[in-house]
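# Per-entry structural report
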Amino acid sequence: MTDTNTNMRLKLPITCFILEIILIILFGVLVEYDKETDARKWHHSNHIFNSFHPPFPGFQDVHVMIFIGFGFLMTFLQRYGFSSVGFNFLIAALALQWATLMQGFFHGMHGGKIHVGVESMINADFCTGSVLISFGAVLGKTSPVQLLVMAVFEVTLFAVNEFILLNAGGSMTIHTFGAYFGLMVARVLYRPNLHKSKHKNSSVYHSDMFAMIGTLYLWMFWPSFNSAITAHGDDQHRTALNTYYSLAACTLSTYAMSALTAHDGKLDMVHIQNAALAGGVAAGTAGEMMLTPFGSMIVGFLAGIISVLGYKYLSPILESKLKIQDTCGVHNLHGMPGVMGAIVGAVTASLATKEIYGGIQAISLAVTLGMALGGGLLVGFIMKLPIYGAPSDASCFEDSIYWEVSSKKLLETSKLYNDKNKSKNPLRLSSLYKSYHYNRKKKW
Amino acid sequence: MTDTNTNMRLKLPITCFILEIILIILFGVLVEYDKETDARKWHHSNHIFNSFHPPFPGFQDVHVMIFIGFGFLMTFLQRYGFSSVGFNFLIAALALQWATLMQGFFHGMHGGKIHVGVESMINADFCTGSVLISFGAVLGKTSPVQLLVMAVFEVTLFAVNEFILLNAGGSMTIHTFGAYFGLMVARVLYRPNLHKSKHKNSSVYHSDMFAMIGTLYLWMFWPSFNSAITAHGDDQHRTALNTYYSLAACTLSTYAMSALTAHDGKLDMVHIQNAALAGGVAAGTAGEMMLTPFGSMIVGFLAGIISVLGYKYLSPILESKLKIQDTCGVHNLHGMPGVMGAIVGAVTASLATKEIYGGIQAISLAVTLGMALGGGLLVGFIMKLPIYGAPSDASCFEDSIYWEVSSKKLLETSKLYNDKNKSKNPLRLSSLYKSYHYNRKKKW
Amino acid sequence: MTDTNTNMRLKLPITCFILEIILIILFGVLVEYDKETDARKWHHSNHIFNSFHPPFPGFQDVHVMIFIGFGFLMTFLQRYGFSSVGFNFLIAALALQWATLMQGFFHGMHGGKIHVGVESMINADFCTGSVLISFGAVLGKTSPVQLLVMAVFEVTLFAVNEFILLNAGGSMTIHTFGAYFGLMVARVLYRPNLHKSKHKNSSVYHSDMFAMIGTLYLWMFWPSFNSAITAHGDDQHRTALNTYYSLAACTLSTYAMSALTAHDGKLDMVHIQNAALAGGVAAGTAGEMMLTPFGSMIVGFLAGIISVLGYKYLSPILESKLKIQDTCGVHNLHGMPGVMGAIVGAVTASLATKEIYGGIQAISLAVTLGMALGGGLLVGFIMKLPIYGAPSDASCFEDSIYWEVSSKKLLETSKLYNDKNKSKNPLRLSSLYKSYHYNRKKKW
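Residues numbered from 1 in each chain as written. Chains lettered and ligands numbered in written order. Predicted model: local features only at pLDDT ≥ 70, side-chain atom pairs only at ≥ 80, totals over all residues. Heavy atoms only, no water.

This is how the line gets drawn: UniProt positions are given in the numbering used here, feature names are shortened, and annotations may be inferred rather than shown by experiment.
The name given to chain A in an unreviewed UniProt entry is Rh family B glycoprotein, and the organism recorded there is Neolamprologus brichardi. As recorded by UniProt, the Subcellular location (unreviewed entry) comment attached to chain A reads in full: "Cell membrane". Of the comments in the UniProt record for chain A, the one headed Sequence similarities (unreviewed entry) reads "Belongs to the ammonium transporter (TC 2.A.49) family. Rh subfamily."

Right, here's the structure in full:
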């Protein structure tokens, strides 16, 4: 179907071209290789190689979480798989470039130049993760152009927040900033008539299977995620180990709470796909401290319980009372566990008799929440302008608004699966298609 | 549908909470960081870094095999995808925690403490792999509570077996122990009326596609799996290389045998998904020896042939004669190839004029088989107690017993795929759903 | 259904067994461990460990691209998923063994022996990638036996080409050789009546989702792919970094061009799945040079534009005018971007005042194109012999020719999804199946 408002023929190309050309020009002016990447400076640096988790494999693990993990985690919606994985792909590709510039600019230039290398790649992927968390809150209700605009502003504000915190917050910042920024944007973009498309705001069997791919990749690589930017050596070991135990304990409490709270004692895929990851978020800040596996497991155990309870009882209230329509429940997966992680970090730091550091953690959380909510409010109103081709209330959670999804494709599938007599002979089956002329080649 | 017996409202939460709380207490009492993970002991250890396959990336590869590899390999069943990947996730999360304790306890405490670090994580994942192999034998016929009980006992017995063998068996132990333990459990849990659900004990097109994801991840990372715990340096190189060639040769013989034995010369997905992996199992023990690529290819070539023949001719006999209903055919993928690997290891060791070592291999196999069969018998009877909410014969291989699988979900899919006139207009298509009120948000 | 011509009962087993036995014999005679893999030579070599991207994790990333990346990228076809991922698996398993021999033979024997180790594994995977690119051009129109024959010849010619170029071409060679070899084979195998199966030469919703898995793995690991064989140290950093930026820029221009050119301003999955990867191809040769992120982004940006335009306007012309039926559009993904990459490499080299090297690049491209087109012509005619069980025009793009795809499987699915009254009760649902006796166990 065609809709002049949501038609991306010009809106999307213009946005992408302008953004990418600006990026290319800025990279040309500002960016140069760091000393580990530049042929002339190479001999200065071997210090990061001899590490527990070599930087490049660490980067690749984080990269998989960004594109496969976040991308497929959001494919649970029955008719929104192309958009979930496809828009995740698009905004991540933009965000990591923009983040390289913003982080380089705010984290210190070298003689007027931004130095790039594997560490800037990892940091850019982290900042991108924050944008993808916000994407989860507005999933299904926004156009790709709106999402690109959100990415540009959120990356900028995230880098400013990092600058203010002097990176004290650790990975907690990624989750809390991303979650509360996204929730505020969702609040501003509140749709009172979203019920018009609620029949599509649900999963089907195969879409839940695809979402599990995302869940498991995030779960498996979370130890890499939390340890990728910690100091090398024992810190990195400890962070990975603590995250691993926190996630394992979280998984058991998630299954327990899901069966306890869900309809007639059955497990709910929504909980398994999301709450089982809360342990990774909650271990984000304290993970590199001497939290011990014991402490990590307690943190993960509680994170799973809080997250499931959030999905079950808090999210409906957020929608009905606060008018926040949080499609993926990022508040339960990233918001609350992120805040919990910050508190755990502050307490753990204090116990290590570093009261000051504990205080810094508390302040970091407050600043991050303030920046996220304020920024989300501002950017939400920018995104609300009626110029980006947002879907109507009835066409939310629907791929065919922005993607070529031939109804014949669906029809062919049903034909294929339904004809009883002929399906025994695939060749004769093909005769069924004679009347349809959808052809991949046609699309060229 | 609801079934008071299989209702997990209380059974699963109680089991998960009790197990996790016990784990947390024991970790608090017994576990501490190893010298590479502890901030105070760090300076003692750089020896494992400078390796061909750094320990943490090696761990991540194994971790992917455990959660994606085993999880998706079992998703071939048409109506059991949630349980295959979801229960795999649950029991693996429990098993890796319990294995850390059991292996730490039996493999030597340090001043009354169990030391944990990347090597304990890899060993725990291996032990978990053994439990997941057993899971394959009882797939579709057990409740999550039964599986958690199985995991606790199997992990314990596996650690005892490792203790007895002084780790002589290598990765062969994982496969043979897991397979024969699982087969014995399946024997004890034999269901004479399983035919009532045999229509669901089969695959559909997309479920076979999901299973291929599991197959390929196991296949690709098997060189990491076999080399992750070998001595670093040339041993690790050699193990990875031998495994790689064994798997490649195995794949060709698997395709050949599948076409040769399957119905009218067509390839059978069951063979491709499973038998092509037998080469990795068979190269498990001898892989680190000077087996040579030549020897590895012969081993893999034969493993593929044996495995396909097992699926085609032996499995039906196991079911009809020995009353062993081996859902995933673990005997063909892990059992026979594991025994073959042990023999190859013994022979290779002998040829290297280490007769004694060869003898140790043979004894290791005998001990492992004895422990596995005896343990499986015992644990099978424990699992047979009618208190775990096992599915009825007619409700085996069915997700909706334990998972929220809305019939409306399925209905929506069919509607989506069937309406001919309206499907040309996705917006009007949505009108079809008006009558259904299944909504992801409702599930909160 | 059965077709005596396409029946693989004997053709496939005979081919696989003969090829594998030849391989085993040649490995026995010619292959030995390299100094890093041999227990007796180990002490000589630590030089490759201390690298930015350790060799084995680098190999594993490339391995994932070969089996998951290429395999799933081709699963977009609605009825050809088993063959796409399954034949990719088969020919890759053969090609990497044969490539080890051919590359070892042409790249220099050591005292009459071919030395194997992680570097030979990476090189063999690269050569395999070239074969899989060619597979994309003939996807759906060839039998597994034809593909195995193609693999043997293409690997040989690829190794000869590498030998002639002294490896000057870098990864550009893989793409241009694979693409133009495959296109020439497709030309020779031209089917004037392919329209008989064009209704199956298209995607359905879930098949496009599976294809995105392949796309994302190729995209994410492309930095590993391009940097896996470069000199270690800063070259490797730079190659990974340049590839990463080239791909990011390419993704934005791909989305822009897709919306600009596709039907009523909607995004086309064909473009997203393929053109977004062109940036990795185009950065293949110059990636290790001082191309700078700025230069890399320009290259990627242009590659995305060229690739989408190729899918939209050039591919139909290739089919109608040149009679080249390029199923996956490899000319747009690997062909043109590969040539572009070679030119960029030549220019970049020249700018670095290495005119000679620039010249070498240009000559390398010419030689590669000549070898690919000539070889493709020859091998195309060998593949055209009517002895391999190729599918008829009407049975192209159809799994059930070569795979056990029970029509009952499909039927069950439709039943499962269609029954309205009973589907509310899964147990009673099962009664629907009573009439079907397809059973996984039956297949043993």
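From this point, the narrative continues.
## Details of the overall build of chain A
Using the following cut-off: A helix here means a DSSP run of H or I that spans at least four residues, while a strand means a run of E at least two residues long, and both kinds are numbered starting from the N terminus. Contacts are residue-level and defined by heavy atoms, with any inter-residue pair within 4.5 Å sufficient. Per-residue and other accessible areas were derived by the Shrake-Rupley procedure at a 1.4 Å probe size, with only the shown protein chains allowed to occlude residues.
For chain A, the count of helices and strands is 15 helices and two strands. Contacts in chain A between residues far apart in sequence, at least 24 positions, make up 82% of those at least 6 positions apart. On chain A, roughly 12100 Å² of surface is accessible, and the fraction owed to carbon and sulfur atoms is 68%.

## Digging into helix α12 (residues 330-351) of chain A
Stated formally: An expected span of 1.5 Å times one less than the residue number is assigned to each helix. Here's how the labels work: a residue is buried when its accessible area is under 20% of the maximum for its type, exposed when over 50%, partly exposed in between, all with a 1.4 Å probe on protein chains only.
For α12 of chain A, spanning 22 residues, the distance from its first C-alpha to its last is 30 Å, which sits close to the expected 32 Å at 1.5 Å a residue. Among the 22 residues in α12 of chain A, 17 count as buried, and that is most of the element.

## Observations regarding unusual backbone geometry
Leaving glycine out, the prevailing phi sign among residues is negative, and the prevailing peptide bond configuration is trans. In this structure, Thr292 of chain A takes a positive phi of about 70° despite not being glycine. Residue placement: Thr292 of chain A occurs in helix α11 (residues 292-320). The backbone of Lys323 of chain B shows a phi angle near 60°, a positive value even though the residue is not glycine. On the basis of relative accessibility, which here comes to 32%, the residue Lys323 of chain B falls in the partly exposed class.

## So, the state of the cysteines
Note the following rule: Two cysteine sulfurs form a disulfide in these notes if their separation is within 2.5 Å.
Overall, the coordinates contain zero disulfides over all chains when judged by the stated rule. Its sulfur unpaired, Cys127 of chain B is 18 Å from the next cysteine sulfur, which belongs to Cys16 of chain B. The exposure class of Cys127 of chain B is buried, given its relative accessible area of 0%. Cys250 of chain C forms no disulfide, and the closest cysteine sulfur to it belongs to Cys16 of chain A, at a distance of 12 Å.

## Thoughts on the packing of helix α7 (residues 205-227) of chain A against helix α7 (residues 205-227) of chain C
Selection rule: Axes, fitted as lines to C-alpha atoms, cover a helix only where it is in contact. Angles between the N-to-C directions of the axes lie from 0 to 180 degrees. Any angle that is under 35 degrees is reported as roughly parallel, and any over 145 degrees as roughly antiparallel; angles of 65 to 115 degrees are reported as roughly perpendicular and all others as oblique. Take the far helix as your reference; a near helix turned counterclockwise from it by less than a right angle gives a left-handed crossing, and one turned clockwise gives a right-handed crossing. Residues were grouped as follows: Ala, Val, Leu, Ile, Met, Phe, Trp, Tyr, Cys and Pro as nonpolar; Asp, Glu, Lys and Arg as charged; and all remaining residues, including Gly, as polar.
Between α7 of chain A and α7 of chain C, the shortest axis-to-axis distance is 11 Å and the interhelical angle comes to 15°. Relative to α7 of chain C, α7 of chain A is oriented roughly parallel. Seen along the crossing, α7 of chain A lies across α7 of chain C with a hand that is left-handed. In contact with His206, Phe210, Ile213 and Tyr217 of chain A of α7 of chain A, α7 of chain C contributes His206, Met209, Phe210, Ile213 and Tyr217 of chain C. Counted by class, the contact of α7 of chain A with α7 of chain C contains seven nonpolar, two polar and no charged residues.

## A closer look at the confidence of the model for chain A
A low pLDDT means the predicted coordinates there should not be read in detail. All names here are of chain A. Quick note on the threshold: Per-residue confidence from the prediction method is given by pLDDT, with values spanning 0 to 100.
For chain A, per-residue confidence averages 86 on the pLDDT scale, and 85% of positions sit at 70 or higher. pLDDT under 50 marks residues 46-50. Its contacts with residues more than four places away, or in other chains, come to 15 contacts. Low pLDDT (under 50) marks residues 408-444, which in the prediction has 106 contacts with non-local residues, meaning those over four places away or in another chain.

## Quick look at the packing of aromatic side chains
Convention followed: For Phe, Tyr and Trp, rings pair up if their centres lie within 6.5 Å, where Trp contributes its six-membered ring, and each pair is then called stacked (planes under 30 degrees apart), edge-to-face (over 60) or tilted (otherwise). A ring is considered to have a charge above it if a Lys NZ or an Arg CZ atom is located within 6 Å of its centre and within 35 degrees of its normal.
Counted according to the given criterion, the structure contains 72 aromatic pairs over all chains. Here the aromatic rings of Trp403 of chain A and Tyr255 of chain C are separated by 6.4 Å at their centres, their planes lie at 80°, and the arrangement is edge-to-face. Here the residue Trp403 of chain A occupies a position in the loop between α13 (355-384) and α14 (407-418), and Tyr255 of chain C occupies one in helix α8 (residues 234-261), the pair thus bridging two chains. Exposure class is identical for Trp403 of chain A and Tyr255 of chain C. Each is buried. With centroids separated by 4.7 Å and ring planes inclined at 65°, the aromatic side chains of Phe126 of chain C and Phe225 of chain C adopt a geometry described as edge-to-face. Placement of Phe126 of chain C in helix α4 (residues 118-138) and of Phe225 of chain C in helix α7 is noted, with a sequence separation of 99 residues between them. With respect to class, Phe126 of chain C is no different from Phe225 of chain C; both count as buried. By way of ring pairs, the aromatic residues Phe67, Phe82, Phe87, Phe89, Tyr402 and Trp403 of chain A together with Tyr205, Trp219 and Tyr255 of chain C are connected into one cluster. One Lys or Arg, Arg79 of chain A, reaches over the ring of Tyr205 of chain C and ends 5.4 Å from the middle of that ring.

## Topic: the side chain of Thr215 of chain B
All names here are of chain B. To keep it simple, the criterion reads: In the analysis that follows, any N or O atom pair within 3.5 Å is treated as a polar contact, provided that within protein one partner can donate a hydrogen and the other can accept it, and provided that, for residues neighboring in sequence, both atoms belong to side chains.
For Thr215, the location among the structural elements is in helix α7 (residues 205-227). For Thr215, the side chain forms a polar contact with the main-chain oxygen of Gln273, separated by 2.9 Å. Setting aside residues up to four positions removed in sequence, Thr215 forms contacts with Leu73, Ile272, Gln273 and Leu277.

## Structural notes on the packing of helix α1 (residues 11-30) of chain A against helix α3 (residues 81-106) of chain A
Pairs of packed helices are described in terms of their axes, by the angle between the two and the distance that separates them. All names here are of chain A. In the contact formed by α1 and α3, the axes pass within 10 Å of each other and the chain directions differ by 25°. Accordingly, the angle class assigned to the pair α1 and α3 is roughly parallel. Viewed along their axes, α1 and α3 form a crossing whose handedness is left-handed. Here α1 contributes Leu12, Cys16, Leu19, Glu20, Leu23, Leu26 and Phe27 to the contact with α3, which in turn contributes Leu90, Leu94, Gln97, Trp98, Thr100 and Leu101. Across the contact of α1 with α3, the residue classes break down as ten nonpolar, two polar and one charged.

## Here's the deal with the pattern of salt bridges
Let me state the cut-off plainly: We define a salt bridge as a contact between a side-chain nitrogen of Lys or Arg and a carboxyl oxygen of Asp or Glu at a distance within 4 Å.
A complete count under the given rule lists twelve salt bridges over all chains for this structure. In this structure, the salt-bridge partner of Arg191 of chain A is Asp393 of chain A, at a minimum N-O distance of 2.7 Å. Placement of Arg191 of chain A in the loop between α6 (172-188) and α7 and of Asp393 of chain A in the loop between α13 and α14 is noted, with a sequence separation of 202 residues between them. Judged by relative accessible area, which is 11%, Arg191 of chain A ranks as buried. Residue classification places Asp393 of chain A among the buried residues on the basis of a relative accessible area of 18%. Note that Lys200 of chain C and Glu398 of chain C form a salt bridge whose closest N and O atoms lie 3.4 Å from each other. Here Lys200 of chain C is found in the loop between α6 (172-188) and α7, whereas its partner Glu398 of chain C is found in the loop between α13 (355-384) and α14 (407-418), with 198 residues between them in sequence. An identical accessibility class is assigned to Lys200 of chain C and Glu398 of chain C; each is buried.

## Notes on the side chain of Ser202 of chain C
All names here are of chain C. If you trace the backbone, Ser202 turns up in the loop between α6 and α7. Residue class for Ser202 comes out buried when judged on its relative accessible area of 0%. A distance of 3.4 Å separates the side chain of Ser202 from the backbone oxygen of His199, its partner in a polar contact.

## Section: the nonpolar core
This is how it is decided: Within this scheme, the nonpolar core is defined by two criteria: the residues are buried Ala, Val, Leu, Ile, Met, Phe, Trp, Tyr or Cys, and they are joined through side-chain atoms within 4.5 Å.
Core analysis: the biggest nonpolar cluster contains 401 residues, and Tyr217 of chain A, Tyr217 of chain B together with Tyr217 of chain C have the highest contact counts within it. Beyond its immediate chain neighbours, meaning those up to four positions away, Tyr217 of chain C contacts Val64, Ile68 and Tyr217 of chain A, Tyr217 of chain B together with Val64, Met65, Ile68 and Gly69 of chain C.

## Some points on α1 of chain A
Between the first and last C-alpha of α1 of chain A there are 28 Å, a value that for 20 residues agrees with the 28 Å anticipated at 1.5 Å per step. Those residues of α1 of chain A that sit buried are Leu12, Pro13, Thr15, Cys16, Phe17, Leu19, Glu20, Leu23, Ile24 and Phe27 of chain A. For α1 of chain A, the elements touching its buried residues are β1 (31-33), α3 and α5 (144-165) of chain A together with α8 and α11 (292-320) of chain C.

## Description of a nonpolar patch on the surface
As a reminder of what qualifies: Candidate patch residues must exceed 30% relative accessible area and have no salt bridge, after which like charges are joined if within 9 Å and Val, Leu, Ile, Met, Phe, Trp or Tyr side chains if within 5 Å.
On the surface, a cluster of nonpolar side chains totalling about 430 Å² of accessible area is made up of Leu10, Ile14, Ile18 and Ile22 of chain A together with Leu260 of chain C. No other element matches α1 of chain A, which puts three residues into the nonpolar patch. Since its relative accessible area comes to 32%, Leu260 of chain C is described here as partly exposed.

## Side note on the environment of Ile133 of chain B
Within the element layout of this structure, Ile133 of chain B appears in helix α4 (residues 118-138). Residues in contact with Ile133 of chain B, not counting those within four places in the same chain, are Phe70, Ile174, His175, Gly178, Ala179, Val330 and His334 of chain B.

## Here's the deal with the environment of Ala92 of chain A
All names here are of chain A. Examined against the element boundaries, Ala92 turns out to sit in helix α3. Residue Ala92 is classed as buried on the basis of its relative accessible area, which comes to 0%. For the pair Ala92 and Asp38, spaced 54 residues apart in the sequence, the C-alpha separation amounts to 26 Å.

## Observations concerning the environment of Gly279 of chain A
Residue and element names in this part refer to chain A. Its place among the elements puts Gly279 in helix α10 (residues 278-282). By relative accessible area, which is 0% here, Gly279 ends up buried. For the pair Gly279 and Thr243, spaced 36 residues apart in sequence, the C-alpha separation works out to 7.3 Å. Leave out the neighbours within four places in its chain, and Gly279 touches Ser246, Leu247, Cys250, Gly300 and Ala303.

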